[in-house]
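Residue-level structure breakdown
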Amino acid sequence: MQEPELVLEATAYTIDQLLSRDWRQIALAGRSNVGKSSLINAMARRRTLAKVSSTPGKTRSVNYYAVKPWGFYLVDLPGYGYARASHEERRKWASLLERYLKECRELVCLVLLVDGRLAPQKIDVQLAEYAKSIGLRVIPVLTKADKCKQREIGARRAEWKQILGVAPIVTSSASRFGMKALWQAVCREMDVELPEEGEGQSRQVGDGSEG
Ligand code: GTP
Ligand code: MG
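Now for a look at the structure at hand.

Sheet architecture is open: 7 strands sit in the order β1-β3-β4-β2-β5-β6-β7, paired in mixed fashion. Each edge of the open sheet is held by one strand with a lone partner, namely β1 (5–12) and β7 (169–170). Across 5 bridges, strand β2 (residues 24–30) lies against strand β4 (residues 72–76) in parallel orientation. Its bridge partner lying in β4, Ile 26 is registered against Leu 74.

Turning our eyes to something else, we now look at the nonpolar core. Residues Tyr 64, Leu 77 and Tyr 100 are the most contacted members of the largest nonpolar core, which totals 36 residues. Top element by residues in this core is helix α3 (residues 87–103). It accounts for 5 residues. Among all residues touching Leu 77, those that are not within four sequence positions of it are Ala 27, Leu 28, Ala 29, Lys 36, Thr 59, Val 62, Trp 93, Leu 97 and Tyr 100. Formed by 32 residues, the second largest nonpolar core is a distinct cluster that contains Trp 70, Leu 74, Ile 139 and Trp 183.

This part takes up unusual backbone geometry. Trans peptide bonds make up the majority, and among non-glycine residues the majority have a negative phi. At the junction of Lys 68 and Pro 69, the peptide bond is cis and its omega measures out at 20° in the coordinates. The phi torsion at Lys 144 lies on the positive side, around 60°, for a residue other than glycine. Inspection of the secondary structure assignment puts Lys 144 in the loop between β6 (137–143) and α5 (150–164). With relative accessibility at 22%, the residue Lys 144 sits in the partly exposed group. Positioned with a positive phi, Asp 191 is a non-glycine residue whose angle comes to about 60°. Take Asp 191: it is sitting in the segment after α6 (179–190).

Bringing the packing of aromatic side chains into the picture now. Using the criterion set out here, one finds 3 aromatic pairs in the structure. Between Tyr 64 and Tyr 73 the ring centres are 5.3 Å apart and the planes differ by 70°, which places this aromatic pair in the edge-to-face class. Judged by relative accessible area, Tyr 64 falls into the buried class, the value being 0%. Within the aromatic cluster, the residues linked to one another by ring pairs are Trp 23, Tyr 64 and Tyr 73. Above the face of the Tyr 64 ring, Arg 21 is positioned so that its terminal group lies 5.5 Å from the ring centre.

By nearness alone, 22 residues border ligand 1, and Lys 36, Ser 38, Gly 57, Thr 59 and Ser 173 come closest of all. For ligand 1, an oxygen atom lies 3.3 Å from a polar atom in the backbone of Val 34. Relative to its free-state accessible area of 660 Å², ligand 1 is covered by the protein chains to the extent of 87%. Residue composition of the shell around ligand 1, by class: 4 nonpolar, 12 polar and 6 charged.

What counts and how
- Residues numbered from 1 in each chain as written.
- Chains lettered and ligands numbered in written order.
- Predicted model: local features only at pLDDT ≥ 70, side-chain atom pairs only at ≥ 80, totals over all residues.
- Heavy atoms only, no water.
- Pairing = 2+ DSSP bridges.
- Helix = DSSP H or I, 4+ residues; strand = E, 2+ residues; numbered from the N terminus.
- Core = buried A, V, L, I, M, F, W, Y, C linked by side-chain atoms within 4.5 Å.
- Buried < 20%, exposed > 50% of the residue type's maximum accessible area, 1.4 Å probe, protein only.
- Contact = heavy atoms within 4.5 Å.
- Phe/Tyr/Trp six-rings, centres within 6.5 Å; stacked < 30°, edge-to-face > 60°.
- Lys NZ or Arg CZ within 6 Å of the ring centre and 35° of its normal.
- Near = heavy atom within 4 Å.
- Polar contact = N/O pair within 3.5 Å; in protein donor to acceptor, adjacent residues only side chain to side chain.
- Areas by Shrake-Rupley, 256 points an atom, 1.4 Å probe, with all protein chains shown as cover.
- Nonpolar A, V, L, I, M, F, W, Y, C, P; charged D, E, K, R; others polar.

Written out as structure tokens, the structure reads:
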């Protein structure tokens, strides 16, 4: 697979900024520390495109990555459910997220990231149900599969399938497992075709790509 290129194009902090971009968008949401920024890096095959940290609450702004060769955005959202954020901060972010999901006309689909090691958490289920209630499509993605036992992954897939009607895509940003399946799902939602290997520049040998 030939990866599309991601370029950081804009950063937003307010609802007006969030609603002002006119390209179609697919947004990554999930609890703080679930691995949203890492997934962006893995999708882009870059290490430092999106800032990653083991301390929850790293991403504080909404970051728009232009996806080339097409003109749409992959949107890295700040995480929710960060225990050490103040009540006020959490409330503000929840209302911003809710308005963005509801009012952004360019938002096509939500990629919901959940940690493969945890049983479905109430806050994630609520977000998924809210998205569905406003007619937004949801792609569920399990993160950190490299830290999970096969049995855990099987259980998570079954639990989320029960909740959403669709089993999550299993990924690891550490090993890049699942990146092809994820890009395929993104391209399906955005109605574009993934370039085949050999079109444009070719992949380097030994780059760790999952086949
Ligand atoms: P916020 O910006 O705080 O919302 O967090 P985030 O969801 O963007 O998480 P981030 O990508 O910053 O990753 C959080 C931590 O999890 C970092 O220490 C990452 O290295 C680690 N991590 C992310 N993905 C993976 C993965 O696939 N495998 C492993 N082992 N660690 C991961
Ligand atoms: Mg982040």
